[in-house]
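Structure assessment
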Amino acid sequence: MTTTAPAPPPVSDADPFGPEVLEDPLPFHAALREAGPVVRLSRYGVYAMGRYAEVHAALRDWQGFESGAGVGLSNFRTEAPWRPPSLLLEADPPRHDAPRRVLVDLLSPRALRRLRERWTAAAEDLVDRLLAEGDEFDAVPALAEAYPLRVFPDAVGVSPEGRENLLPYGEFLFNAFGPHNDLVAEGAPRLPELSAWVNAQCQRDSLADGGFGAGIWAAADRGEITHEQAPLVVRSLLSAGVDTTVHGLAATLHAFATHPDQWRRLRARPELVRVAFDEAVRWASPVQTFFRTATTDVRVGGTVIPHGEKILMFLAAANRDPRRWDDPDRFDLSRDPSGHVGFGFGIHHCVGQHVARLEAECLLTALAARVEAIEVAGATRRLHNNTLRAWGSLPVRVRPAR
Amino acid sequence: MGRTVRLRVTAKERVADDVVALTLADPTGDRLPDWTPGAHLDLVLPTGLTRQYSLCGDRFDPSRYRVGVLREPDGRGGSAYVHDELRVGDEVGVGGPRNHFPLVPSQRYLFLAGGIGITPLLPMVHQADLLGADWTLVYGGRRRGSMAFLGELAGYGDRVHVVPQDEQGLLDLPHWLGTPRPGTRVYCCGPGPLLDAVGAACASWPAHSLRTERFVAREQPAPARSTPFDVRLARSGTTVTVAPDRSVLEVVREAGVDVLSSCRQGTCGTCGTDVLEGLPDHRDSILDDAEREAGDCMYICVSRARSDHLVLDL
Ligand code: HEM
Ligand code: FES
């Protein structure tokens, strides 16, 4: 037991949600890690963690760091949430248990086996058509968006009409975990329309037989969750399952386009595909941050985070902490990325991670079999988001394999 | 890398005539994997026998597990060892926790416990109380002295009905279950005859009202081993030896095979690997008993081998 009196944490007045940091967060993440295990962000009156050990420990400690007060900047104990809170992401045990169990079962690797064949065929078809059109394209719409939008809404059982609402809804949702800055204001006008569409898709009658959505309603019929909970659990899939994989795939494609040696390595050893995607998730951290709220005075690294205070966990900074990773800024398929916190950890550990991995595995495998080289072919553009590290445009040139 | 699936006995207390409660903790003091009410632990005893015991402690305390163990009258293996041999400071192998008896959301619960069947229900009543649900526990046993945890239950007042057989006879099931109450979930754990009787009494209840847990001591294909075993990696063609203090994952990675993992405690599913030959010794929290018996897939961050060698699709 340490007996030294807690010291106040170092203070930073940087804005992690400002345009400079969103354009390139790496220098800020490095400064945060160097400043200490816990830093106070004076601009928002919150605490922050950027080192792997503390972020990892906080993710596991649901007793000390709750999610029920919201995993964004807003504190649900004092401010009304913009939509009814998620039954998974924004819930704590015991209420978190039943919805979590339903999704763990529906999205387990064993349950996903039946999708592999269809998703492989969809990836091969998408890549074949794309290559038939030419060897230069914008990888964001052409692959990173096109593939998940083709397979995931089908797997959930969402109707074909209106699927274009999924991405902007997710974009707003992930912005809304941050402060009320311009990014939130820009998305607000369309919100009522987007929410109405998403909520309508969550009803039993809107969902096709055999999909994840119908599976959630069937679980409600068996009493595993209540019928009132079912639409909100479906909503979790539509909220968390689209933009995340789009930007996860975009990050992976960007990593390979800028690391031709690693692409050659993947082509030589296609069984590296799972490691490759997780290494890209570690390296780029498509989900950069989530908040928690202290349930009591929690002592972390010589300081105390007082009861009721918000803590911003920088998953992205932890995933490149040199205290945990050798040469962390290198995208390297020879590394074991296991243990990264890009999917979180602990009881909220991404329940869709096997879905994301299967999508990536199918798409990258199809691409690696057909494309010998891939490189950036024009000005790339980031898409700023308060939670996601996202790409707006990623023009590439490919050399088809002969 | 890869949890060593052994826990240390940090306390052993007699909590009723033939019942001891064991407290288990990680030997390094680490956090234990999370669990939910209704979950059980697989205890792998030095005899190689595996027995399932419900967790009956406080899930909010991540540093320890508690299980209650009844001395089984026919003395079949496990319980006699726990009662007579196992000491504070000893280490035991564990698998799980796994939960096949989860508490589903409801406004009202009726909990029916017979004897040692109180153990999974103890954390459930605690949770139902925490959630402000309307609940009742009816707890039958042979006599007061044989009924564990009466002291802890006393705090709940008249929601708990203690029914020792020598004072009040058998549980009056028609009284408790005679009139179906839609919206009430009935949870029952206890000896086979009680489960059968409750099943019959609930026949007129709405579907899915009743949830029971029945521990059947399944035939184990082979005892758990405490000696090294070989793992042949079919695709890479190499064979490695896994010592008792190493995980399969660890050894396979060292052999240069790129297998992805994440939680390293058998909960997330990332390290799932197809088994081509041999008998796995499953220690994960994911597979149910039927999936375990199928033996075609294992989570190599925690699971091991019962047979001398395994062949994995790696
Ligand atoms: C590369 C893609 C993805 C990334 C980087 C990602 C990241 C994350 C992270 C970091 C968390 C933890 C949040 C926290 O601890 O507060 C999380 C939770 C979650 N994710 Fe994902 N995710 C991805 C894909 C998906 C997909 C495809 C789905 C749906 C099929 C999904 C559904 C969820 C849900 C429902 C939760 C909440 C789980 C809970 O709170 O118990 N995610 N994800
Ligand atoms: S790494 Fe999570 S189950 Fe093995």
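Quick look at the overall build of chain B
Along chain B, the regular secondary structure elements total 8 helices and 18 strands. In terms of overall size, chain B behaves like a compact globule, its C-alpha atoms giving a radius of gyration of 21 Å where 314 residues would be expected to give roughly 20 Å. Considered along the principal axes of its C-alpha atoms, chain B spans approximately 65 × 40 × 35 Å. Counting across all 314 residues of chain B, residues that qualify as buried make up 53%. The long-range fraction of contacts in chain B, counting pairs at least 24 apart against all pairs at least 6 apart in sequence, stands at 64%. Accessible surface, chain B: about 13,000 Å² in total, of which carbon and sulfur atoms supply 49%. Looking at chain B, you have 34 positive and 41 negative side-chain charges, and the mean spots of the two groups are 2 Å apart.

Describing the overall build of chain A
For chain A, the helix and strand inventory stands at 17 helices and 13 strands. The C-alpha radius of gyration computed for chain A amounts to 21 Å, which stays within 12% of the reference 21 Å derived for 402 residues, consistent with globular compactness. By principal-axis analysis of the C-alpha atoms, chain A measures approximately 65 × 50 × 40 Å. Counting all 402 residues of chain A, 61% fall into the buried class. Long-range pairs, those at least 24 residues apart, make up 73% of the contacts in chain A with a sequence separation of at least 6. Across chain A, the centroid of the 44 positively charged side chains sits 5 Å from that of the 52 negatively charged ones.

Overview of the site of ligand 1
All names here are of chain A. Neighbouring ligand 1 are 27 residues; His96, Arg100, Arg292, His348 and Cys350 lie closest to it. Arg292 is positioned such that a nitrogen or oxygen atom in its side chain is 2.7 Å from an oxygen atom of ligand 1. Measuring from an oxygen atom of ligand 1, one finds a side-chain N or O atom of His348 at 2.6 Å. Listed by contribution, the elements that provide at least two residues to the shell around ligand 1 are α12 (230-240), α13 (243-257), β6 (289-294) and α17 (353-370). Ranked by residue count, the leading element in the shell around ligand 1 is α12, at 3 residues. Broken down by class, the residue content of the shell around ligand 1 amounts to 16 nonpolar, 9 polar and 2 charged.

Considering the interface of chain A and chain B
In this assembly, 35 residues from chain A lie in contact with 36 residues from chain B. Taken together, both faces of the contact between chain A and chain B bury some 2,900 Å²; the carbon and sulfur share is 47%. Seen at the junction of chain A and chain B, the total is 9 salt bridges. Close ionic contact of Asp30(B) with Arg60(A) constitutes a salt bridge, the shortest N to O distance being 3.6 Å. The interface formed by chain A and chain B contains 18 residue pairs in polar contact (both at pLDDT 80 or more). Residues that form the side of chain A that touches chain B fall into these classes: 11 nonpolar, 9 polar and 15 charged.

Digging into the coordination of the iron atom of ligand 1
Coordination of the iron atom of ligand 1 by the protein involves just one donor, Cys350(A) (SG), at a distance of 2.3 Å. Counting through the fold element by element, Cys350(A) comes out in the loop between α16 (315-318) and α17.

Some words on the confidence of the model for chain B
Averaged over every residue, the pLDDT of chain B is 93; the share at 70 or more is 96%. ipTM for the predicted complex: 0.94, alongside a pTM of 0.96.

Here we look at the packing of aromatic side chains
Considering all chains together, one arrives at 17 aromatic pairs over all chains under this definition. Residues Phe256(A) and Phe331(A) carry aromatic rings whose centres are separated by 5.3 Å and whose planes lie at 85° to one another, so their mutual orientation is edge-to-face. Here Phe331(A) lies in the loop between α16 and α17 and Phe256(A) lies in helix α13, a separation of 75 residues in the sequence. For the pair shown, Phe256(A) and Phe331(A) are each scored as buried. Through a chain of ring-to-ring contacts, three or more aromatic side chains come together here, namely Phe101(B), Tyr109(B), Phe111(B), Trp135(B), Tyr156(B) and Tyr187(B). Note that Arg324(A) overlies the ring of Tyr52(A), its terminal NZ or CZ placed 5.1 Å from the centroid.

Quick look at the sheet that holds strand β6 (residues 91-98) of chain B
Picture the strands of a sheet paired through backbone hydrogen bonds; they go either parallel or antiparallel. All names here are of chain B. In space, the 6 strands of this open sheet follow the order β4-β3-β6-β1-β2-β5, with antiparallel pairing throughout. Of all the strands in the sheet, just β4 (50-54) and β5 (65-70) have a single pairing partner and so form its edges. On average, adjacent strands in this sheet sit at an angle of 40° to one another, irrespective of strand direction. Taken together, the 6 bridges between strand β2 (residues 19-25) and β5 define a ladder with antiparallel strand orientation. Each bridged residue has a counterpart across the sheet, and for Leu22 the counterpart in β5 is Val67.

A short note on the environment of Leu112(A)
All names here are of chain A. In this structure, Leu112 sits in helix α5 (residues 109-112). You can call Leu112 buried: its relative accessible area is 3%. The spacing of Leu112 and His354 is 242 residues in sequence and 7.9 Å in space, taken between C-alpha atoms. Residues in contact with Leu112, not counting those within four places in the same chain, are Leu106, Leu107, Phe212, His354, Val355 and Leu358.

Describing the pairing of strand β7 (residues 108-114) of chain B
Successive side chains on a regular strand alternate, one facing one side of the sheet and the next facing the other. Residues and elements named next belong to chain B. In terms of burial, β7 is largely enclosed, as 6 of its 7 residues are buried. Across 7 bridges, the pairing between β7 and strand β8 (residues 134-141) is parallel. Along β8, the bridge assignment pairs Ala113 with Tyr139. Regarding topology, helix α2 (residues 118-130) serves as the crossover connection from β7 to the parallel β8, and that connection is right-handed.

Here's the deal with the side chain of Gln262(A)
You can see Gln262(A) is positioned in helix α14 (residues 260-268). Apart from residues lying up to four places away in sequence, Gln262(A) is in contact with Phe256(A), Phe331(A), Asp332(A) and Leu333(A).

Remarks on the pattern of salt bridges
One pass over the structure, following the stated rule, counts 51 salt bridges over all chains. Arg335(A) serves as the salt-bridge partner of Glu279(A), at 3.0 Å between the closest nitrogen and oxygen. Taken together, the residues Glu279(A) in helix α15 (residues 273-284) and Arg335(A) in the loop between α16 and α17 connect sequence positions 56 residues apart. Both residues of the pair, Glu279(A) and Arg335(A), count as buried. Each of Arg269(A), Glu271(A), Asp336(A), Arg253(B), Asp258(B) and Arg264(B) takes part in one network of salt bridges that share partners.

Examining helix α8 (residues 166-175) of chain A
Residue and element names in this part refer to chain A. By the criterion of burial, α8 is predominantly enclosed, with 9 of the 10 residues buried. Turning to α8, its buried residues number three or more, namely Leu166, Leu167, Pro168, Tyr169, Gly170, Phe172, Leu173, Phe174 and Asn175. Packing partners of the buried residues in α8 comprise α7 (139-156), α9 (182-187), α10 (191-201), α12, α13 and β6.

Definitions and cut-offs
- Residues numbered from 1 in each chain as written.
- Chains lettered and ligands numbered in written order.
- Predicted model: local features only at pLDDT ≥ 70, side-chain atom pairs only at ≥ 80, totals over all residues.
- Heavy atoms only, no water.
- Helix = DSSP H or I, 4+ residues; strand = E, 2+ residues; numbered from the N terminus.
- Rg over C-alpha atoms; globule rule 2.2 N^0.38 Å.
- Buried < 20%, exposed > 50% of the residue type's maximum accessible area, 1.4 Å probe, protein only.
- Contact = heavy atoms within 4.5 Å.
- Areas by Shrake-Rupley, 256 points an atom, 1.4 Å probe, with all protein chains shown as cover.
- Lys, Arg positive; Asp, Glu negative; His and termini not counted.
- Charge placed at Lys NZ, Arg CZ, Asp CG, Glu CD.
- Near = heavy atom within 4 Å.
- Polar contact = N/O pair within 3.5 Å; in protein donor to acceptor, adjacent residues only side chain to side chain.
- Nonpolar A, V, L, I, M, F, W, Y, C, P; charged D, E, K, R; others polar.
- Buried area = accessible area lost by both parts, 1.4 Å probe.
- Salt bridge = Lys/Arg side-chain N within 4 Å of Asp/Glu carboxyl O.
- Donors = N, O, S within 2.8 Å, 3.2 Å for Na, K, Ca; no water.
- pLDDT = per-residue confidence, 0-100.
- Phe/Tyr/Trp six-rings, centres within 6.5 Å; stacked < 30°, edge-to-face > 60°.
- Lys NZ or Arg CZ within 6 Å of the ring centre and 35° of its normal.
- Pairing = 2+ DSSP bridges.
- Axes fitted to C-alpha atoms, helices over the stretch in contact; angles between N-to-C directions.
- Right-handed = clockwise from strand over helix to strand, strands pointing away.

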